[in-house]
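Observations on the model geometry
Here are the chains, one letter per residue:
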Amino acid sequence: MSNANHYDVIIIGTGAGGGTLAYKLAPSGKRILVLERGDYVPREKDNWDPKAVNLEGKYQTKEKWRDKNGEELHPHTNYYVGGNTKFYGAALFRLRKEDFGHLRHHGGVAPAWPISYDDIEPYYTQAEQLYHVHGERGEDPTDPGASAPYPHPAVSHEPRIQHLSDDFARLGLKPFHTPLGVQINEQDPRKSLCIRCNTCDGFPCLVYAKSDSQVLCVDRAVEYPNVTLLTNAYAERLETDASGRRVTKVIVQRNGSHEEYSGEIVVSSCGAINSAALLLRSANDKHPRGLANGSDVVGRHYMGHINSILMAISKCPNPTVFQKTLSVNDFYLGSRDWDFPMGHISFVGKLDAQTLRAGAPAIAPGFTLELMASHSLDFWLTSEDLPDPENRVTLNHKREIVLSYKLNNEEGHKRLIAKLESLMKQQTKCEIHGHECHVGLFSRNIFVGQQIPLAGVAHQNGTIRFGNDPKTSALDANCRTHEVENLYVVDASFFPSSGAVNPGLTIMANALRVGDHLIEQLG
């Protein structure tokens, strides 16, 4: 192989993990190759069209996976520069301090991590600065504490959300502003990149104002002459030397032909499902069960959270444009009447009739989808699912990805929904309809056709867990594989437990942490 194809570091994937790591390593002067199986998201009006994005799934992969029964799955995932951060809702939470320890749930135990909150805290602070997080430190009752304030002020509530926040506070809760990665300047709107539109959550940002890894990390990394990005470059497998201790080649399919690259360090950042699949596809004589998989944990312990979208319908309309500004963590670790964690309450982007068509709820009497959409508050509830070795990613004989997943630890989620129902019934009376304004809480189906839950893949984590014991983990505390000395995994695969907030910021912070370690390794 020519020296032209040899790099100091090869990073596979450009999402929250790979993109952030590329940004961190770019100033080092080392030769860095970044591989992305997709291309850039085209900038076009369809970026902001709910019909194209949500109903037709224009930007979703056409790749087919299988479920445990061999039935087709159409994953809601996106292969582009920036990965799924191009489409995420940009809610950037730290995990709670308790999430790093041994945490008892009603359905079992969330295991402790090999690092503590204090180990990653400085990197959370760096990630918040890099991704322009807007928030208000200390409002959240479960806030794990931080070494610096948020770099930007919290995004303000629109009147209907402010009203709800006041109602929650009156009921004794501590509602807070969701930490958001959007480049908004409410003090000087003329200078604001973000225009506070209704197509943020789930949509690519046409004006590049969402804090995604393409705009803030990859675009800046490739300005360095030592960084090369190849798009439409699918990493098919990794090959090792005869000892099985080093990756010697990355085999890539690009534009219909095969190419080979080598790196002193190889990093898989393909997302929890695809990183596991890459290691499994790379099995060889020394690694018969998959690369770096002597422990047999690669692909296992898949988690994606238990999520519900619940629409609280009122007789009064909800004119909110950007509603994803309010969160409630009062029940995150339990409540006075229940000793176990329940989870997190926040919002999705304002739902519209087109989006509802893709997973319509049972319709409130007298309401059409259009009316429901204009009269709803759209809640997003997240609870922790626990790592189960049988929830796993495997490959079938055709090398297709098989995702076997069964929900667990559901009691806390049911109780969280009940808490929200009771809170909504206690809303202050409206000036027009009195106490009768709240019509009810309707579940928007997030299982569309035979598709896995949207969230099942959006929050994917846990398939290549890190730990100190090579018998029960595949990665060490620096996210290097125990068995292959130059192979790292830097995406959400490393999570031993999932917590109950979005994994994005933790992936970014960890990428910065591992980046520091790699800079040291590279000398």
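Located above this text is the structure these notes cover.
Treat the numbers as computed from the prediction; the structure is a model and nothing was measured.

Counted under the stated rule, the structure contains zero disulfides. Summary of cysteine pairing: C200 is not part of a disulfide, and the nearest cysteine sulfur, belonging to C197, is at 6.4 Å. Just so you know, C217 is unpaired, no disulfide at all, and the nearest cysteine sulfur is the one on C205, 16 Å from it.

Counting 95 residues, the largest nonpolar core has I12, L35, Y131, L238, V250 and V267 as the members making the most contacts within it. Here this core gets nine residues from one element, more than from any other, and that element is helix α11 (residues 504-522). Sequence-distant contacts of Y131, that is, excluding residues within four places in its chain, are made with A16, T20, Y88, L92, G181, S211, D212, S213, L216, C217 and M508.

Moving on, we come to helix α6 (residues 272-281). Counting buried positions along α6 gives 10 out of 10 residues, so the element sits mostly inside the fold. Among the residues making up α6, those that are buried are A272, I273, N274, S275, A276, A277, L278, L279, L280 and R281.

Here we come to unusual backbone geometry. Backbone geometry at N409 places phi at a positive 55 degrees, although glycine is not the residue there. Looking at the secondary structure, you find N409 in the loop between β19 (401-404) and α9 (411-425). Overall, N409 belongs to the buried group, its relative accessible area being 12%. Positioned with a positive phi, C479 is a non-glycine residue whose angle comes to about 70 degrees.

Right, let's get into the pairing of strand β17 (residues 376-383). For β17, a buried count of eight out of eight residues is recorded, marking the element as mostly surrounded by other parts of the structure. With burial as the criterion, each face of β17 is covered, one bearing S376, D378, W380 and T382 and the other bearing L377, F379, L381 and S383. Sheet topology places strand β14 (residues 306-314) next to β17; eight bridges connect them, and they run antiparallel. Across the sheet, residue A312 finds its bridge partner in β17, namely L377. In the sheet, strand β16 (residues 344-347) pairs with β17 via four bridges, with the strands oriented antiparallel. Bridge pairing in β17 places S346 opposite W380.

Looking now at the environment of Y79. Among the structural elements, Y79 can be located in the loop between β4 (72-73) and β5 (103-105). A residue is classified by how much of its surface remains accessible, and Y79, at 17% relative accessible area, is buried. Sequence spacing of Y79 and E239 is 160 residues, and the spatial spacing of their C-alpha atoms is 23 Å. A distance of 2.5 Å separates the side chain of Y79 from the side chain of E63, its partner in a polar contact. Polar side-chain contacts of Y79 include one of 2.9 Å to the side chain of N274.

The alternating pattern of strand β2 (residues 32-35) places I32 and V34 and L33 and L35 on opposite faces, both of which are buried. Pairing of strand β1 (residues 6-12) with β2 involves four bridges; the strand directions are parallel. Residue I11 lies in a different strand from β2, and its bridge partner there is V34. Crossover handedness for the path β1 to helix α1 (residues 18-25) to β2: right-handed. Sheet topology note: the β2/strand β10 (residues 227-230) ladder contains four bridges and is parallel. Note that in β10 the partner of L33 across the bridge is T228.

Contact geometry for α1 and α11: axes closest at 8 Å, N-to-C directions at 40 degrees. Judged on the interaxial angle alone, α11 and α1 are oblique. At the point where α1 passes α11, the crossing takes the right-handed sense. The segment α1 lies against α11, with T20, L21, K24 and L25 engaging M508, A511, L512, G515, D516, L518 and I519. Here the contact of α1 with α11 is built from residues that sort into seven nonpolar, two polar and two charged.

Criteria and thresholds
- Residues numbered from 1 in each chain as written.
- Predicted model: local features only at pLDDT ≥ 70, side-chain atom pairs only at ≥ 80, totals over all residues.
- Heavy atoms only, no water.
- Disulfide = S-S within 2.5 Å.
- Core = buried A, V, L, I, M, F, W, Y, C linked by side-chain atoms within 4.5 Å.
- Buried < 20%, exposed > 50% of the residue type's maximum accessible area, 1.4 Å probe, protein only.
- Helix = DSSP H or I, 4+ residues; strand = E, 2+ residues; numbered from the N terminus.
- Contact = heavy atoms within 4.5 Å.
- Pairing = 2+ DSSP bridges.
- Polar contact = N/O pair within 3.5 Å; in protein donor to acceptor, adjacent residues only side chain to side chain.
- Right-handed = clockwise from strand over helix to strand, strands pointing away.
- Axes fitted to C-alpha atoms, helices over the stretch in contact; angles between N-to-C directions.
- Parallel < 35°, antiparallel > 145°, perpendicular 65-115°, else oblique.
- Left-handed = near helix turned anticlockwise from the far one by under 90°.
- Nonpolar A, V, L, I, M, F, W, Y, C, P; charged D, E, K, R; others polar.

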